[in-house]
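Chain and residue survey
So you can see what is in the structure, the chains are spelled out below.
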Amino acid sequence: MAFLFVACCVLVLGIVFFGYQRHTNKPRGKSPFAQDCRRAPADYVSDHNERDAVLKQGFSPSKVPDELDAVIIGSGIGGLTTAVLLSRAGLKVLVIEQHDQAGGCCHTFYEKGFEFDTGIHYIG
């Protein structure tokens, strides 16, 4: 019962805080989405070795930049989305993944000449 009371209090305070923030007349910074940065899709790379050269880059401390603003652990849908949003806002972001391939549960693998998509359950 106490948990429900605390959850309701946090919800009410959040609504009040964000409602207040929305109605203040403080000048806001430039929106990271103001500039249209869409581009035409690149050609599909079907060569397995060429794709692995990009997707399976191992970690080494020499590749880490000196000044980072954020470190994202995990390159799944949430991690990559967060990294894109932060980088669009002008921050330097590093994404770290323990698997040898980026994508989290939405990567693909090859078995006996067939390509399998492990994340198909996200769309179906």
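Only a predicted model underlies this, so the values are computations on that prediction, with no experimental measurement involved. Once a new chain begins, its residue numbering starts again from 1 and follows that chain's sequence as written. Totals for whole chains, interfaces and linings use all residues, but because this is a predicted model, local features are given only for residues with pLDDT of at least 70 and pairs of side-chain atoms are given and counted only at 80 or more. The basis for the side-chain values is all heavy atoms of the structure; hydrogens and waters are excluded.

Let's talk about the pairing of strand β2 (residues 93–96)
Cut-off, in case you're wondering: We call two strands paired when DSSP finds no fewer than two bridges between them. We count a stretch as a helix when DSSP gives it H or I for four or more residues in a row; a strand needs E for two or more, and each element gets its number in order from the N terminus.
Sheet topology places strand β1 (residues 70–73) next to β2; 4 bridges connect them, and they run parallel. Bridge pairing in β2 places Ala70 opposite Val93.

A word on helix α3 (residues 77–88)
Rules: One less than the residue count of a helix, multiplied by 1.5 Å, gives the span that helix is expected to have.
Here α3 contains 12 residues, and its C-alpha end-to-end distance of 16 Å stays within 8% of the 16 Å for a straight helix at 1.5 Å per residue. Looking at the residues trailing α3, positive phi occurs at Gly90, about 100 degrees.

A word on the layout of surface pockets
Empty space among the atoms becomes visible once a probe the size of a water molecule is rolled across them. Counted only if it meets this: A 1.4 Å probe that fits but cannot get out identifies a cavity on a 1 Å grid over protein atoms alone, an open set with protein on both sides within 12 Å along at least five of seven lines counts as a pocket, and a residue lines either if it has an atom within 4 Å of a point. Grid points are joined across faces, edges and corners, and a volume is the space filled by probe spheres set on the points. Following the grouping adopted for this structure description, the nonpolar residues are Ala, Val, Leu, Ile, Met, Phe, Trp, Tyr, Cys and Pro, the charged ones are Asp, Glu, Lys and Arg, and the polar ones are all others, Gly among them.
If you add up the space inside the largest pocket, you get close to 500 Å³. As for the largest pocket, its lining consists of 18 residues, and the residues nearest its centre are Gln57, Gly58, Val95, Ile96 and Glu97. Secondary structure elements with two or more residues in the lining of the largest pocket: α2 (48–55) and β2. For the lining of the largest pocket, the residue count by class is 9 nonpolar, 6 polar and 3 charged.

With respect to a nonpolar patch on the surface
The condition that has to hold: Patch definition: residues above 30% relative accessible area lacking any salt bridge, with like charges linked at up to 9 Å and the nonpolar side chains Val, Leu, Ile, Met, Phe, Trp and Tyr linked at up to 5 Å. All accessibility values rest on the Shrake-Rupley procedure with a 1.4 Å probe; residue burial counts only the protein chains present in the view. Think of a salt bridge as a Lys or Arg side-chain nitrogen and an Asp or Glu carboxyl oxygen that are within 4 Å of each other. Buried residues are those whose accessible area, probed at 1.4 Å on protein chains only, stays under 20% of the maximum for their type, while exposed residues exceed 50% and partly exposed ones sit between those limits.
There is a patch of nonpolar side chains on the surface, built from Phe59, Val71, Ile73 and Ile96 and spanning about 440 Å² of accessible area. In this structure Ile73 comes out as exposed when scored by relative accessible area, which is 77%.

Some remarks on the pairing of β1
Regular strands have side chains that alternate between both faces of the sheet. Counted only if it meets this: Handedness of a crossover is defined as follows: orient the strands so they point away from the viewer, and if the path from the first strand over the helix to the second runs clockwise, the crossover is right-handed.
Because side chains alternate across β1, one face comprises the buried residues Ala70 and Ile72, and the other comprises Val71 and Ile73, none of which is buried. Between the parallel pair β1 and β2, the chain is carried across by α3, and the sense of this crossover is right-handed.

Looking at the side chain of Ser75
Put simply, the rule reads: Any pair of residues with heavy atoms lying within 4.5 Å of one another is described as a contacting pair.
In this structure, Ser75 sits in the loop between β1 and α3. Setting aside its immediate chain neighbours within four residues, Ser75 contacts Leu80, Val95, Ile96, Glu97, Gln101, Ala102, Gly103 and Gly104.

A word on the environment of Val71
Considering the arrangement of structural elements, one finds Val71 in strand β1. You can call Val71 partly exposed: its relative accessible area is 47%. In this structure, Val71 is in contact with Leu94 and Ile96, ignoring residues within four places of it in sequence.

Section: the environment of Leu55
In this structure, Leu55 sits in helix α2. Judged by its relative accessible area of 33%, Leu55 falls in the partly exposed class. Here the alpha-carbon distance between Leu55 and His107, two residues 52 residues apart in the chain, equals 9.8 Å.

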